[in-house]
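Here is how the chains run, residue by residue.
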Amino acid sequence: MTYMAREPYANFWPKVADTAFVAESADLIGDVTIGEYASVWYHTTLRADINKIVIGDYSNIQDNSCIHLADDFGCYVGKYVTVGHGVILHACTVEDNCLIGMGSIILDGAVIGQGSVVGAGALITKGTVIPPNSLVLGSPAKVVKDLGPESADNNHKWAEKYVKVAARYTERVINPGF
């Protein structure tokens, strides 16, 4: 499947797994890698012009989100991550099995630990490191609760749901093993 929204930058073309879904109105520019069964939804921009962006297998980047980077930091989204509508990820790392709430902003050098939930509208400031399995709320965001290891399992289920929804868009019957 080809997408009109793929553009090269400095000889880097976006790389999209054959099993991924990328909406026609999404923009992928430069050194972008989209993993297996991942999805990038409508009016989302991933602009990798000064560093790289990697979206892990089974992760979803929902409508109207923006992902960019900095000279010193790329943007890395782990496996089974759900990034809600209208999120800004800027030069940060989101580890596996996280849920990033709608309208959140995560800034340069921040790391969201595995299994964490970032509440809607949260602002994660530059260089903040969130421990695994944390509930993070506010602006600026603060850890308000340890969700325990079951948080990763709950977040994993949201990502699985989006794999199934994306399969309907591509009219594929898939069984990625869950």
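Rules of the game
Residues numbered from 1 in each chain as written. Predicted model: local features only at pLDDT ≥ 70, side-chain atom pairs only at ≥ 80, totals over all residues. Heavy atoms only, no water. Helix = DSSP H or I, 4+ residues; strand = E, 2+ residues; numbered from the N terminus. Rg over C-alpha atoms; globule rule 2.2 N^0.38 Å. Buried < 20%, exposed > 50% of the residue type's maximum accessible area, 1.4 Å probe, protein only. Contact = heavy atoms within 4.5 Å. Areas by Shrake-Rupley, 256 points an atom, 1.4 Å probe, with all protein chains shown as cover. Lys, Arg positive; Asp, Glu negative; His and termini not counted. Charge placed at Lys NZ, Arg CZ, Asp CG, Glu CD. Pairing = 2+ DSSP bridges. Core = buried A, V, L, I, M, F, W, Y, C linked by side-chain atoms within 4.5 Å. Salt bridge = Lys/Arg side-chain N within 4 Å of Asp/Glu carboxyl O.

The name recorded for the chain in an unreviewed UniProt entry is Ferripyochelin binding protein (Fbp), from Akkermansia muciniphila.

**Points about the overall build of the chain**
Along the backbone of the chain there are one helix and 20 strands. Computed over C-alpha atoms, the radius of gyration of the chain comes to 15 Å, within 12% of the 16 Å expected from 2.2 N^0.38 for 178 residues, which places it in the range of a compact globule. In the chain, buried positions account for 51% of the 178 residues. Across the chain, the fraction of contacts at a sequence separation of at least 24, relative to all contacts at a separation of at least 6, is 13%. Accessible surface, the chain: about 8,300 Å² in total, of which carbon and sulfur atoms supply 54%. The chain carries 13 positive and 19 negative side-chain charges, and their two centres are separated by 4 Å.

**Section: the sheet that holds strand 7 (residues 60–61)**
Strand pairs in the sheet, formed through backbone hydrogen bonds, run parallel or antiparallel to each other. Taking strand neighbours across the sheet as the criterion, the eight strands line up as 3-5-7-10-13-16-19-20 in an open arrangement whose pairing is mixed. Every other strand in the sheet has two partners, leaving strand 3 (21–22) and strand 20 (141–146) as the edge strands with one partner each. In this sheet, strand 16 (residues 117–118) lies alongside strand 13 (residues 99–100) in parallel orientation, the contact comprising two bridges. Note that in strand 16 the partner of Leu99 across the bridge is Val117.

**Considering the nonpolar core**
As a rule of thumb, soluble globular proteins bury nonpolar side chains together. Core analysis: the biggest nonpolar cluster contains 36 residues, and Ile34 and Leu89 have the highest contact counts within it. Residue assignment for this core shows that the elements contributing at least two residues are strand 4 (27–34), strand 6 (45–55) and strand 9 (75–77). Among the elements that make up this core, the one with the highest residue count is strand 6 (four residues). Residues Phe21, Ala23, Trp41 and Ala166 belong to the second largest nonpolar core, which totals six residues.

**Describing the environment of Leu137**
The topology assignment puts Leu137 in strand 19 (residues 134–138). Counting along the chain gives 13 residues from Leu137 to Ile124, while the straight-line C-alpha distance between them is 9.0 Å. Excluding anything up to four places from it in sequence, Leu137 contacts Gly119, Lys142 and Val144.

**Thoughts on the pattern of salt bridges**
What the rule picks out here adds up to two salt bridges. Across the salt bridge formed by Asp31 and Lys15, the nearest N and O atoms sit 3.5 Å from each other. A residue pair is termed long-range when its members are at least 10 positions apart, and Asp31 in strand 4 and Lys15 in strand 2 (residues 15–16) qualify at 16 residues. Overall, Asp31 belongs to the buried group, its relative accessible area being 12%.

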